[in-house]
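Architecture at a glance
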Amino acid sequence: MNWQSINFDWNQIRAFLATVDEGSFSAAARALESTQPTLSRQIAALEERLGVTLFQRGRRSMILTSAGRELVDHVRTMAEAATRISLAASGQSLAAEGLVTITATSFTATMCLPPVIRKLSDTAPGIQIEVIASNDVQDLNKREADIALRHGRPDHPDLIAKLVDESPAYLFVSRDWLAKNQEPRNLDDLAGITFIGFNKPDIVEAGLSERGLPICRHDVRYFANSGEIMLEMVRAGVGISILPSWICRDFDDLVPILTGQFSVDVPTWLTTHSELNTSGRVRLVFDEIAEHFVQTKTGGPKDRP
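Remember, predicted model here, so these are calculated numbers, not experimental data. (Residues numbered from 1 in each chain as written. Predicted model: local features only at pLDDT ≥ 70, side-chain atom pairs only at ≥ 80, totals over all residues. Heavy atoms only, no water.)

Quick word on the overall build of the protein
Note the cut-off: Helix numbers and strand numbers start at the N terminus; a helix is a DSSP run of H or I with at least 4 residues, a strand a run of E with at least 2. Buried residues are those whose accessible area, probed at 1.4 Å on protein chains only, stays under 20% of the maximum for their type, while exposed residues exceed 50% and partly exposed ones sit between those limits. It only takes one pair of heavy atoms within 4.5 Å for two residues to be counted as in contact. Areas reported as accessible are Shrake-Rupley estimates using a 1.4 Å probe. Residue values count occlusion only from the protein chains shown.
Summing up its helical and strand segments, the protein has 10 helices and 11 strands in all. Among the 305 residues that make up the protein, the fraction classed as buried is 42%. Relative to all contacts within the protein whose residues are 6 or more apart in sequence, the contacts with residues 24 or more apart total 75%. Summed over all atoms, the accessible surface of the protein reaches about 16,500 Å², with 48% contributed by carbon and sulfur.

Quick look at the structure:
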């Protein structure tokens, strides 16, 4: 190994790669929880050390030079190796203390994680919990989270996944909505009814048509990327939507409709990285979440009075 040839600072490499991925010094600084002047100095120092110009500075953008493009793949390999070192080191820790980051959809984070955290505060007070409530999938391989609750089964070979729940979702309306509108008796009756979507109308239309619902993009008048907002819009009588039955059973003002004709099974996968499976704190939190789902098994919609 020629140690003399390794003459740059790893923080400068991180700054370079973050700027490439985020597109600007300001965005990279936010991602690294640093400042724009610090990132700018680190990039300049790296360029001076290597003797090349990595970016063409524009007023609103950063454009990689040919020298910068040649370095990106090598730098990304270094970052992946550094991540694997961090994963391996974290996995060796048997102590039930330290930070554990959990990512889940806003629905799951709100309804499932607080009682788990409450119990852990008694049984493992040395553990800190950070919850990332987001519908975006966090990358466990890059340590964006230690544990994830996802509704799709991960297929990466380095991830360990456990199916902790599979519950139906149904079409729901509010009792107030039913008092003002005729209740649909079959799926064809849904045509023209205001639908509350989970995404942009064209995406919702494509997803629902695959499941046999005659909902077009013009019917999706309201949409949100938050399950809680969708829930509250249905409760307010705005329209109809697909919601998890285990959440809606806690609200007497919600009514499932057409349950014999339409339902969607929603699996919940508890996932972590294989390197972290031997970490004392991660394993403890992982097992506690799994036990919570065992103790609170969900099911179909409640009977209507």
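Overview of the pairing of strand 3 (residues 98-104)
The condition that has to hold: The crossover handedness rule: strands pointing away from the viewer, path from first strand over the helix to second strand clockwise, crossover right-handed. Two strands are counted as paired when DSSP detects at least two bridges linking them.
Across the seven residues that make up strand 3, a large majority, five, are buried. Read as a crossover between parallel neighbours, the route from strand 3 over helix 5 (residues 106-123) to strand 4 (residues 127-133) is right-handed. The sheet contact formed by strand 3 and strand 5 (residues 147-150) spans two bridges and is parallel. Within strand 5, the residue paired with Thr-103 across the bridge is Ala-148.

Observations regarding the side chain of Glu-288
In this structure, Glu-288 sits in helix 10 (residues 280-295). In this view, Glu-288 contacts Val-116, Lys-119 and Leu-120; residues no more than four positions away in its chain are not counted.

Things to note about the pattern of salt bridges
Defined as follows: Whenever a carboxyl oxygen of Asp or Glu lies within 4 Å of a side-chain nitrogen of Lys or Arg, that contact is scored as a salt bridge.
Throughout the structure, instances matching the rule amount to seven salt bridges. Across the pair Asp-122 and Arg-118 runs a salt bridge whose closest N-O atoms are separated by 2.7 Å. One end of the pair, Asp-122, and the other, Arg-118, are both in helix 5, four residues apart, so they sit about a helical turn from each other. Accessibility classification places Asp-122 together with Arg-118 in one group, the exposed group. When salt bridges that share partners are traced, they join Glu-232, Arg-235 and Asp-253 into one network.

Focus: the nonpolar core
To keep it simple, the criterion reads: We call a set of buried Ala, Val, Leu, Ile, Met, Phe, Trp, Tyr and Cys residues a nonpolar core when their side-chain atoms join them within 4.5 Å.
Counting residues in each nonpolar core, the largest one holds 35 residues, and the members touching the most others are Ile-147, Leu-149, Leu-231, Leu-243, Leu-270, Val-285 and Ile-289. Put simply, the parts of the chain that give this core at least two residues each are strand 3, helix 5, strand 5, strand 6 (159-174), helix 8 (227-235), helix 9 (245-248) and helix 10. Among all residues touching Leu-270, those that are not within four sequence positions of it are Ile-147, Ala-148, Leu-149, Ile-160, Ala-161, Lys-162, Val-164, Phe-286, Ile-289 and Ala-290. Membership of the second largest hydrophobic core comes to 21 residues, among which are Leu-213, Ile-242, Val-255 and Leu-258.

Overview of helix 2 (residues 25-32)
Within the sequence span of helix 2, burial applies to Phe-25, Ala-27, Ala-28 and Ala-29. Backbone geometry just downstream of helix 2 places Glu-33 in the positive-phi region, at approximately 55 degrees.

Some remarks on the packing of helix 5 against helix 8
We count it as follows: Angles run from 0 to 180 degrees between N-to-C directions of axes, and those axes are lines fitted to C-alpha atoms, restricted for helices to the stretch in contact. Working rule for angles: under 35 degrees goes down as roughly parallel, over 145 as roughly antiparallel, 65 to 115 as roughly perpendicular, anything else as oblique.
Where helix 5 meets helix 8, the closest approach of the two axes is 7 Å, and the angle between their N-to-C directions is 85 degrees. In terms of orientation, helix 5 lies roughly perpendicular with respect to helix 8. Seen from helix 5, the contacting residues are Ser-106, Phe-107 and Thr-110; seen from helix 8, they are Gly-227, Glu-228 and Leu-231.

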